Amino acid sequence: MERCERPVGVFDSGVGGISVLREMVSLMPNENFIYYGDSKNAPYGTKSVKEVQDLAMADAEILLGMGAKAIVIACNTATAVCAEVLRKKYPDIPVVGVEPALKPAVLHKENARVLVMATNITLREHKFRALLEKYSKRGEIYLLPCPGLMDWVEHGIFCGEEVEKFVDELVSPYRGKIDSVVLGCTHYPFLAGAIQKAVGREVRLFDGGKGTARELLRRLECMKLTNNAQNIGKVEFMNSNNCEAEIELSKRLLDLKKIVDKPV
Ligand code: DGL
């Protein structure tokens with residue numbers, strides 16, 4: 001098989017990265033993708049940096065072993081601690097990560113008041129700290145680690161009383177004090193409906209999915225790796241939990257169009 005026909009390998013600590021995958025499929029429908037969800041080891045966001053690095057390296061190696069021509073780290077947490085390590089180890093492979101969409105959220109209006117929801121690791125690590133440093137003078141930025149929030153998506157629960165109550169308790173201290181929310185974990189776009197309800201309709205939600213898809217396209221074009229086939233590509237799912245229910249949930253999430261109000 002020609003290198004450009006090979007699939008793009010995408011991974012996350014679970015099914016959350018499918019919020020990034022759907023943007024890539026929509027921008028590059030003729031590419032082939034393999035998605036690996038490490039649900040067995042989820043969550044990553046509350047583990048040590050070393051544990052996440054080891055898990056993420058193993059995820060990438062599974063995908064490279066299957067012939068992936070590029071790697072997308074569809075996880076803010078894993079990007080924060082292992083994008084550079086992966087790039088150094090595989091200099092010939094495009095490695096694209098996702099980071100919290102702080103820039104568009106801060107710049108979308110003057111003196112924006114922004115709430116960033118993400119994992120402990122993402123908010124603590126150097127990558128996000130550098131971003132924060134760059135934009136902190138442009139608005140008021142509040143950081144909210146959200147342990148436990150991704151579990152709802154892993155269990156296939158996106159709406160309903162229980163999850164709405166959980167989200168409401170997390171964000172209620174910020175209600176009326178913010179103009180935008182950054183969904184800084186790839187699981188959260190699937191909870192956009194509950195988050196929007198808790199913060200109010202006037203608040204804008206931002207996530208990094210579309211930006212990551214555009215960056216992948218740019219990197220593939222630079223390295224002459226785009227798949228020029230005319231037909232629609234294949235999307236294959238794998239999960240470390242190795243059970244059919246996980247694959248069914250993954251397919252459902254990729255097809256999910258109307259379950260949540262899609263963030264920007
Ligand atoms: N989906 C992951 C992210 O974007 C993290 C969820 C987790 O494993 O804690 O950060």
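Residues numbered from 1 in each chain as written. Predicted model: local features only at pLDDT ≥ 70, side-chain atom pairs only at ≥ 80, totals over all residues. Heavy atoms only, no water.

**Considering the overall build of the protein**
Stage number 1. Looking only at helices and strands, one finds 11 helices and 9 strands in the protein.
Stage number 2. Over its C-alpha trace the protein gives a radius of gyration of 18 Å, about what one expects of a compact globule, namely 18 Å for 264 residues.
Stage number 3. In terms of overall dimensions, the protein has C-alpha extents of about 55 × 40 × 40 Å along its principal axes.
Stage number 4. For the protein, with 264 residues in total, the buried portion stands at 54%.
Stage number 5. Across the protein, every contact between residues at least 6 apart in sequence was considered, and the portion connecting residues at least 24 apart equals 79%.
Stage number 6. Within the structure as shown, the protein displays about 12000 Å² of accessible surface, and the carbon and sulfur contribution to it stands at 51%.
Stage number 7. Distance between charge centroids for the protein: 5 Å, based on 36 positive and 35 negative side chains. (Helix = DSSP H or I, 4+ residues; strand = E, 2+ residues; numbered from the N terminus. Rg over C-alpha atoms; globule rule 2.2 N^0.38 Å. Buried < 20%, exposed > 50% of the residue type's maximum accessible area, 1.4 Å probe, protein only. Contact = heavy atoms within 4.5 Å. Areas by Shrake-Rupley, 256 points an atom, 1.4 Å probe, with all protein chains shown as cover. Lys, Arg positive; Asp, Glu negative; His and termini not counted. Charge placed at Lys NZ, Arg CZ, Asp CG, Glu CD.)

**Description of unusual backbone geometry**
Stage number 1. The omega torsion of the bond from A42 to P43 falls at 0°, within 30 degrees of zero and hence cis.
Stage number 2. As for its placement among the helices and strands, P43 is situated in the loop between β2 (33-37) and α2 (49-65).
Stage number 3. One non-glycine residue, N111, lies in the positive phi region at around 45°.
Stage number 4. As for its position among the elements, N111 is in the loop between α4 (102-107) and β5 (112-118).
Stage number 5. In the Ramachandran plot, K224 falls in the positive-phi region, its phi being about 50° despite a non-glycine side chain.

**Considerations on the site of the ligand**
Stage number 1. The environment of the ligand is formed by 13 residues, the closest being S13, Y44, N76, T77 and T186.
Stage number 2. Contacts to the ligand include G45, whose backbone N or O atom sits 2.8 Å from an oxygen atom.
Stage number 3. For the shell around the ligand, a count of residues per class yields 5 nonpolar, 7 polar and 1 charged. (Near = heavy atom within 4 Å. Polar contact = N/O pair within 3.5 Å; in protein donor to acceptor, adjacent residues only side chain to side chain. Nonpolar A, V, L, I, M, F, W, Y, C, P; charged D, E, K, R; others polar.)

**Points about the sheet that holds strand β3 (residues 70-73)**
Stage number 1. Strand order in the open sheet formed by 5 strands is β4-β3-β1-β2-β9, with parallel pairing between adjacent strands. Of all the strands in the sheet, the pair left with one neighbour each is β4 (95-97) and β9 (235-239). If you compare each strand with its neighbour and ignore which way they point, the axes differ by 20° on average.
Stage number 2. Note that β3 and β4 share 3 bridges and pair parallel. Bridge pairing in β4 places I73 opposite G97.
Stage number 3. Across the sheet, helix α3 (residues 76-89) touches β1 (8-12), β3 and β4, and the angle it forms with β4 is around 165°. (Pairing = 2+ DSSP bridges. Axes fitted to C-alpha atoms, helices over the stretch in contact; angles between N-to-C directions.)

**Quick notes on the pattern of salt bridges**
Stage number 1. Taken as a whole and judged by the stated rule, the model has 12 salt bridges.
Stage number 2. Put simply, D179 and R113 hold a salt bridge, and the shortest N to O gap is 3.0 Å. With a gap of 66 residues between them, D179 in the loop between α8 (161-171) and β7 (180-183) and R113 in strand β5 connect regions that are remote in the sequence.
Stage number 3. Given the relative accessible area of 11%, D179 is considered buried.
Stage number 4. Each of K109, R113 and D179 takes part in a single network of salt bridges with overlapping partners. (Salt bridge = Lys/Arg side-chain N within 4 Å of Asp/Glu carboxyl O.)

**Some points on the packing of α8 against helix α9 (residues 192-199)**
For any two helices packed against each other, one specifies the crossing angle of their axes together with the interaxial distance.
Stage number 1. Where α8 meets α9, the closest approach of the two axes is 9 Å, and the angle between their N-to-C directions is 50°. When the axis of α8 is compared with that of α9, the two are oblique. The crossing of α8 and α9 is right-handed. Of α9, the residues touching α8 (which contributes E164, V167, D168 and V171) are A194, I195, K197, A198 and V199.
Stage number 2. The residue makeup of the contact of α8 with α9, split by class, is 6 nonpolar, no polar and 3 charged. (Parallel < 35°, antiparallel > 145°, perpendicular 65-115°, else oblique. Left-handed = near helix turned anticlockwise from the far one by under 90°.)

**Remarks on the layout of surface pockets**
Think of a ball as big as a water molecule: rolled over the atoms, this probe shows where empty space is left.
Stage number 1. In this structure, the largest pocket encloses a volume near 520 Å³.
Stage number 2. E99, P100, G208, G211 and T212 are, among the 26 residues lining the largest pocket, the residues nearest its centre.
Stage number 3. At the level of secondary structure, the elements contributing two or more residues to the lining of the largest pocket comprise α3, β4, α4, α6 (126-135), β8 (204-207) and α10 (209-222).
Stage number 4. Tallying contributions element by element places α10 first for the lining of the largest pocket, with 6 residues.
Stage number 5. The residue inventory of the lining of the largest pocket, partitioned by class, reads 11 nonpolar, 5 polar and 10 charged. (1 Å grid on protein atoms, 1.4 Å probe; cavity = no way out; pocket = protein on both sides within 12 Å on 5 of 7 lines; lining within 4 Å. Points joined across faces, edges and corners; volume = space filled by probe spheres on them.)

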